[in-house]
Amino acid sequence: MNSQASLAPLSDATKKFLSREKHGLWIGGEEVSAASEKIFDTRSPSTGEVIGRLAEGGEEDIDRAVHCARAAFEGPWSRWSPYERQLLLYRVHDLMEKNFDQLAEIESMDMGAPISRTRASKAALLKFILFFASQTATIAGETLQNGLPGEVVTMSLKAPVGVIGGIVPWNGPLVSQWWLLGAVMATGCTIVLKPAEDASLSMLRVVELLHEAGLPAGVVNVVTGMGGIAGEALARHPGVDRIAFTGSTVTGRKIIEASAVNIKKLQLELGGKSPDIIFADADLDKAVPGASMGVFANSGQICYAGTRVFVQRPIVKEFCARAAEFASSVRVGHSLDVDAQLGPLISERQLDRVMSYIDLGSREGAKLICGGERLGDSLANGYFVSPTVFSDVDNGMRIAQEEIFGPVLSVIPFDTAEEAIALANQTEYGLGGAVWTRDLSTALRVVKRIHTGMMWVNCYGVTDPLVGFGGTKHSGYGAKGGRAHLDTYLYTKTVYINT
Ligand code: NAD
């Protein structure tokens with residue numbers, strides 16, 4: 001923990017944004033109050049202080065936003081050429097680049113990630129926009145052979161699915177919202193976005209920049225508010241054609257039920273409990289920090305965090321000692337502390353949840369070898385927990401099976417590759433995973449047999465929009481990333497032409 005922190009000064013632009021009396025909803029290209037006039041507070045996770053007052057959208061606001069999104073979808077936007085949409089994305093790219101420092105500050109203040117982390121996400125964010133700009137001109141159907149009598153030409157056309165309902169979590173909205181925004185602008189869909197109630201601010205600034213870049217009114221609408229009210233209304237709304245949801249598996253199930261109303265298409269990115277397998281021949285100088293930050297990064301609030309660390313028995317003792325040393329060297333601090341590697345958890349609720357799992361781990365018989373405390377002194381009013389390592393964990397324990405979403409690493413010993421594979425697959429989740437070894441054939445054997453959507457070898461957590469992202473089992477379904485991404489925002493229309 002860092003009590004002598006040097007905090008990055010906020011830019012005037014950020015101060016101005018945060019000093020607004022309140023932040024409204026964005027519906028039909030305008031900032032408006034909620035129909036109920038209700039507002040709610042959003043807090044800095046570093047201090048617990050209120051940093052914004054947001055309109056609390058409800059069913060009526062969602063309905064209005066969906067109608068605006070539908071009108072925009074049927075309007076002139078549907079006649080924009082791919083080049084026009086591509087140019088829009090380039091203008092958006094430039095504005096995001098120009099305003100990035102402010103966006104990073106807003107994101108750090110709002111969701112607690114250290115400023116070094118949000119600043120470092122600039123390249124990833126800009127890559128997203130370039131990726132979608134490049135995809136815009138590639139949307140294409142096919143001409144198809146047929147066995148019909150006469151002169152019938154057959155082909156397929158790709159068409160945008162329509163109005164998207166986008167529901168995103170709080171653990172990194174500045175970048176993660178681009179999976180949706182980019183695809184909407186590339187395909188000609190429209191969207192109603194419901195950010196997480198704990199971290200809505202970066203999206204509210206982004207929507208302003210989109211309109212500054214020339215986005216037509218109603219293409220992107222943002223309704224802030226509670227998940228069980230605004231989110232639920234969006235998931236259920238019969239005017240929404242497709243839901244793109246990222247969040248917990250529990251909420252994912254509710255979204256599936258709500259989508260039945262009008263057979264919405266679904267894309268679900270849900271929870272995880274990913275395995276990270278370290279063989280005795282691994283380069284520990286890389287594996288220890290790599291596997292540790294595979295759990296601790298973003299204070300453990302990453303869906304694909306490799307929280308179950310399986311370590312081959314001959315190196316368990318050394319790995320534990322080095323992981324504990326690494327964990328205690330990690331600098332935890334205020335999100336504006338320029339040297340902090342980890343910030344706070346998002347909320348008091350999340351802090352209580354993580355602390356209760358740490359308590360549970362000890363009661364289940366795991367050995368707490370590092371961390372496990374709520375941090376005090378200058379950080380006492382924020383939601384800080386120290387990076388935590390448990391050794392002697394059994395894969396059947398609840399700390400090894402349930403998603404904690406905090407900086408808690410569990411070391412589970414194994415003897416053979418077969419055993420590691422079997423243990424790694426004993427989970428309801430299937431999102432990420434990694435293997436550390438100098439033997440490429442061992443690595444590939446493990447990669448092929450672990451049931452997850454993403455695997456890393458001798459690294460953890462690198463991602464790129466050009467490449468697929470997503471999970472299997474209870475971690476969700478529906479492609480994200482790569483060439484398949486845009487397909488999920490399109491449908492295929494088969495055409496028969498009697499010549
Ligand atoms: P959450 O499910 O509580 O909330 C996510 C979003 O859903 C929020 O915007 C929330 O307001 C909304 N929501 C809540 N209840 C709803 C309902 N009944 N109907 C519609 N919307 C509702 O999740 P969280 O706690 O905010 O985020 C953490 C979870 O997200 C973790 O489980 C994590 O693994 C998961 N996650 C997954 C990925 C991925 O790509 N797989 C990425 C990030 C986070």
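Residues numbered from 1 in each chain as written. Predicted model: local features only at pLDDT ≥ 70, side-chain atom pairs only at ≥ 80, totals over all residues. Heavy atoms only, no water.

1. Some thoughts on the packing of helix α3 (residues 82-98) against helix α8 (residues 178-187)
So, step 1. Two elements in contact, α3 and α8, have axes separated by 8 Å at closest approach and are oriented at 145 degrees. Together, Arg85, Leu88, Leu89, Val92 and Met96 of α3 and Trp178, Gly182, Met185, Ala186 and Thr187 of α8 make up the contact between the two elements. (Axes fitted to C-alpha atoms, helices over the stretch in contact; angles between N-to-C directions. Helix = DSSP H or I, 4+ residues; strand = E, 2+ residues; numbered from the N terminus. Contact = heavy atoms within 4.5 Å.)

2. Considerations on the sheet that holds strand β22 (residues 490-498)
Pairing between the strands of a sheet is mediated by backbone hydrogen bonds and can be parallel or antiparallel.
So, step 1. The sheet built from 3 strands is open, its strands ordered β5-β6-β22 with antiparallel pairing. Taken across any chain shown, the strands that pair with only one partner, and hence form the sheet edges, are β5 (142-144) and β22. When strand polarity is set aside, the average angle formed by the axes of neighbouring strands in this sheet is 25 degrees.
So, step 2. Sheet analysis places β5 next to strand β6 (residues 152-160), joined by 3 bridges and oriented antiparallel. By the bridge assignment for β6, Leu144 is matched with Thr154. (Pairing = 2+ DSSP bridges.)

3. Notes on the site of the ligand
So, step 1. The ligand sits among 27 residues. The nearest are Lys194, Glu197, Ser248, Leu270 and Glu403.
So, step 2. Here an oxygen atom of the ligand sits 2.7 Å away from a polar atom, N or O, in the side chain of Trp170.
So, step 3. One of the backbone N or O atoms of Gly247 is found 3.3 Å from an oxygen atom in the ligand.
So, step 4. Across the complex, the protein chains shield 89% of the 840 Å² of accessible surface that the ligand would expose by itself.
So, step 5. Mapped by element, the contributors of at least two residues to the shell around the ligand are α10 (227-236), β10 (242-246) and α11 (249-259). (Near = heavy atom within 4 Å. Polar contact = N/O pair within 3.5 Å; in protein donor to acceptor, adjacent residues only side chain to side chain. Areas by Shrake-Rupley, 256 points an atom, 1.4 Å probe, with all protein chains shown as cover.)

4. Section: the domain arrangement of the protein
A common way to report how large an interface is uses the accessible area buried once the components associate.
So, step 1. Examined at the domain level, the protein breaks down into domain 1 (12-270 + 475-496) and domain 2 (275-464).
So, step 2. Between the C-alpha centres of domain 1 and domain 2 there is a distance of 31 Å.
So, step 3. Both sides of the domain 1 and domain 2 interface together cover about 2200 Å² of buried area, and 55% of this is carbon and sulfur.
So, step 4. The largest per-residue losses of area from domain 1 upon contact with domain 2 belong to Ser46, Trp170 and Ser475, which jointly make up 25% of the total buried on that side.
So, step 5. Linking domain 1 with domain 2 are 1 salt bridge, by the criterion used here.
So, step 6. Put simply, Asp464 and Lys127 hold a salt bridge, and the shortest N to O gap is 3.1 Å.
So, step 7. Where domain 1 meets domain 2, there are 11 residue pairs in polar contact (both at pLDDT 80 or more).
So, step 8. Breaking the side of domain 1 that touches domain 2 down by element, the ones donating at least two residues are α4 (100-111) and α5 (115-120). (Domains from an automatic or database assignment. Buried area = accessible area lost by both parts, 1.4 Å probe. Salt bridge = Lys/Arg side-chain N within 4 Å of Asp/Glu carboxyl O.)

5. Regarding the sheet that holds strand β14 (residues 367-370)
So, step 1. In spatial order, the strands read β14-β15-β16-β13-β12-β18-β19; together these 7 strands make up an open sheet with mixed pairing. Lying at the two open borders of the sheet, with one neighbouring strand each, are β14 and β19 (456-457).
So, step 2. Lying over the sheet, helix α12 (residues 284-296) contacts β12 (275-278), β13 (308-312), β15 (388-391), β16 (408-414) and β18 (434-436), oriented at roughly 130 degrees with respect to β16.
So, step 3. Contacts from helix α13 (residues 316-329) reach β12, β13, β14, β15 and β16, with the element oriented near 55 degrees to β14.

6. Examining the nonpolar core
So, step 1. Counting residues in each nonpolar core, the largest one holds 98 residues, and the members touching the most others are Met96, Trp178, Met185, Val220, Ile278 and Phe319.
So, step 2. If you tally residues by element for this core, the top one is α8, at 8 residues.
So, step 3. Shared between two domains, this core holds at least three residues of each, these being domain 1 (12-270 + 475-496) and domain 2 (275-464).
So, step 4. With residues near it in sequence (within four places) discarded, Val220 still touches Leu181, Ile191, Leu193, Val207, Leu210, His211 and Leu215.
So, step 5. Counting residues in each nonpolar core, the second largest holds 30 residues, with Tyr357, Val393, Ala420 and Val446 among its members. (Core = buried A, V, L, I, M, F, W, Y, C linked by side-chain atoms within 4.5 Å. Buried < 20%, exposed > 50% of the residue type's maximum accessible area, 1.4 Å probe, protein only.)

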